[in-house]
Amino acid sequence: AKGRGRGVFSHFEPGMDEAAAARRELEMDMRVGLSEGQFELHYQPLIDVPTRRTVAYEALVRWRHPTRGMVMPDLFIPLAEETGLVVPLGDWVIRRACEEMAQWPEYLRVAVNLSPAQLRSTGLISTVMQAIAENGVAPDRLELEITENVLLKDNAVHGALLHKLRGLGVRVALDDFGTGYSSLNYLRAFPFDKIKIDRCFLKGLGESDETLPIVRAVIALARAMGMTTTAEGVENEHQMRVLLAEGCDQAQGYLFSRARPAANFPELRRAGPQA
Ligand code: C2E
Ligand code: CA
Ligand code: CA
Ligand code: CA
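Residues numbered from 1 in each chain as written. Chains lettered and ligands numbered in written order. Predicted model: local features only at pLDDT ≥ 70, side-chain atom pairs only at ≥ 80, totals over all residues. Heavy atoms only, no water.

*Asks:* Whenever I open this one, the side chain of Gln-44 confuses me. Can you help?
*Replies:* Along the chain, Gln-44 turns up in strand β1 (residues 39–48). Look at Gln-44 and you get buried, because its relative accessible area is 9%. A polar contact of 2.9 Å, which involves the side chain of Gln-44, links it to the backbone oxygen of Ser-257. When neighbours within four sequence positions are excluded, Gln-44 is seen to be in contact with Ala-56, Tyr-57, Glu-58, Leu-60, Gln-252, Gly-253, Tyr-254, Ser-257, Arg-258 and Ala-259. (Helix = DSSP H or I, 4+ residues; strand = E, 2+ residues; numbered from the N terminus. Buried < 20%, exposed > 50% of the residue type's maximum accessible area, 1.4 Å probe, protein only. Polar contact = N/O pair within 3.5 Å; in protein donor to acceptor, adjacent residues only side chain to side chain. Contact = heavy atoms within 4.5 Å.)

Below, the structure is given as structure tokens:
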């Protein structure tokens, strides 16, 4: 391979250029999309396990792209994270979710995902305060979801930040629990209201017993520390049976609903002034 000099590069360069160009194009597209209102929120219900009533909706961002169609977050959140665009996007998500929730019955909460860059940004606290104040929603109706991998980076900052957020009265949930690095230390160090058990632990639950001990232990741990639990990725009644027996508080997944625009959920339609 040695000695071919530029030949090697000229072989690889076009591909790398293409990838870089595609990323730049996506980034520019996202900027336009943000300013032109191409992003929208879909909502997935969180169900109280014993009563099966909806208690909250998680806001999941979608990009209604003029030519690519509906783009899912896994395709643009990572790039948005790298470019920093996830901060204005995420701030929009917080504001929009509070705006929509203001139209909902008061017993319903909204859950919003926070990205690492947002947690590092200085404006987060004021964005959250403004979103709550301007829409006149009770702070404890807003739940912020943070994945555990985020916390590894900078303990001191995030510990203080989470305390500040909770000081505002909003709730904080640990998302995708069990998928990152060692997690038990976080539970001690960070003030979470809730643990969301990642959907990989729900696979086969109720059919084979492989993941049951983990789910059981996480629920017990959360309870011992005064936190609630939500199981993600619930797709069948076998899983629900186990979750009920084990005392999991909430379930979320395709068994109940995929994420959809708020208008698709009758209980979220604007109630209007009471006669
Ligand atoms: P997440 O926060 O873990 O969200 C749950 C994802 O699992 C959603 O995918 C949801 O549609 C999907 N899901 C829900 N129930 C089931 C189920 O029963 N089975 C299966 N197989 N999947 C289920 P989605 O909407 O594509 O979101 C993917 C990820 O994108 C989210 O994972 C979250 O990390 C990120 N994301 C979404 N919206 C935002 C946002 O506004 N801000 C940030 N920073 N990240 C976001
Ligand atoms: Ca989430
Ligand atoms: Ca999750
Ligand atoms: Ca996830």
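*Asks:* Mind showing me how you'd approach the coordination of the calcium ion (ligand 3) here?
*Replies:* A metal bound by six donors in octahedral fashion has ideal angles of 90 or 180 degrees, whereas one bound by four tetrahedral donors has an ideal angle of 109.5 degrees. Protein-derived ligands of the calcium ion (ligand 3) are Asp-175 (OD), Asp-176 (OD), Glu-232 (OE) and Glu-232 (OE), with the metal-ligand distances lying across 2.1 to 2.6 Å. Summarised as a motif, the one-chain spacing of the donors to the calcium ion (ligand 3) is D-D-x55-E. Taken as a pair, the calcium ion (ligand 3) and the calcium ion (ligand 2) show a spacing of 3.8 Å, with Asp-175 coordinating each metal. With Asp-176 in strand β6 (residues 171–177) and Glu-232 in the loop between β8 (228–231) and α10 (237–246), this residue pair connects regions lying 56 residues apart in the sequence. (Donors = N, O, S within 2.8 Å, 3.2 Å for Na, K, Ca; no water.)

*Asks:* How do you make sense of the site of ligand 1 when you look at a structure like this?
*Replies:* Close to ligand 1 lie 21 residues; Gln-44, Arg-62, Arg-199, Glu-235 and Tyr-254 are nearest. Here an oxygen atom of ligand 1 sits 3.2 Å away from a polar atom, N or O, in the side chain of Asp-175. Interatomic distance of 2.5 Å between a side-chain N/O atom of Glu-235 and a nitrogen atom of ligand 1. If ligand 1 stood free it would expose 800 Å²; the protein chains cover 85% of that surface. Elements represented by at least two residues in the shell around ligand 1 include exactly β2 (54–65), α2 (73–83) and β6. A per-class count over the shell around ligand 1 returns eight nonpolar, five polar and eight charged. (Near = heavy atom within 4 Å. Areas by Shrake-Rupley, 256 points an atom, 1.4 Å probe, with all protein chains shown as cover. Nonpolar A, V, L, I, M, F, W, Y, C, P; charged D, E, K, R; others polar.)

*Asks:* What is the right way to read the coordination of the calcium ion (ligand 4) from this model?
*Replies:* Protein-derived coordination of the calcium ion (ligand 4) comes from Asp-176 (OD) and Asp-176 (OD), at a distance range of 2.9 to 3.1 Å. Separating the calcium ion (ligand 4) from the calcium ion (ligand 3) is a gap of 3.8 Å, which Asp-176 spans by donating to each of them.

*Asks:* I keep staring at the packing of helix α9 (residues 212–224) against α10 and nothing clicks. Help me out?
*Replies:* Relative placement of two packed helices is described by the angle separating their axes and the distance separating the axes. Contact geometry for α9 and α10: axes closest at 10 Å, N-to-C directions at 40°. Considered as vectors, α9 and α10 are oriented oblique to each other. Between α9 and α10 lies a crossing whose hand is right-handed. Counting all contacts with α9, which are made through Leu-212, Val-215, Arg-216 and Ile-219, the residues of α10 involved are Val-242, Leu-243 and Glu-246. For the contact of α9 with α10, the per-class residue count stands at five nonpolar, no polar and two charged. (Axes fitted to C-alpha atoms, helices over the stretch in contact; angles between N-to-C directions. Parallel < 35°, antiparallel > 145°, perpendicular 65-115°, else oblique. Left-handed = near helix turned anticlockwise from the far one by under 90°.)

*Asks:* Would you explain the packing of aromatic side chains in this entry?
*Replies:* Aromatic ring pairs are reported here in terms of the distance separating the ring centres and the angle at which the planes meet. Following the criterion strictly, the structure yields seven aromatic pairs and no others. Summarising the aromatic geometry, the rings of Tyr-43 and Trp-104 are spaced 5.1 Å apart at their centres and angled 85° between planes, so their arrangement reads as edge-to-face. With a gap of 61 residues between them, Tyr-43 in strand β1 and Trp-104 in the loop between α3 (86–101) and β4 (109–113) connect regions that are remote in the sequence. No difference in accessibility class separates Tyr-43 from Trp-104, as the two residues are buried. (Phe/Tyr/Trp six-rings, centres within 6.5 Å; stacked < 30°, edge-to-face > 60°.)

*Asks:* Explain the environment of Gly-167 to me, please; I cannot follow it from the model alone.
*Replies:* For Gly-167, the location among the structural elements is in helix α7 (residues 155–167). Between the C-alpha atoms of Gly-167 and Pro-139, which are 28 residues apart in sequence, the distance is 9.9 Å.

*Asks:* Any chance you could explain α3 here in plain terms?
*Replies:* Because each turn of an α-helix spans 3.6 residues, side chains separated by three or four positions end up pointing in the same direction. In this model α3 runs 22 Å from its N-terminal to its C-terminal C-alpha over 16 residues, within 8% of the 22 Å that 1.5 Å per residue would give. Along α3, the residues classified as buried are Val-86, Val-87, Leu-89, Gly-90, Asp-91, Val-93, Ile-94, Ala-97, Cys-98, Glu-100 and Met-101. (Expected span 1.5 Å × (residues − 1).)

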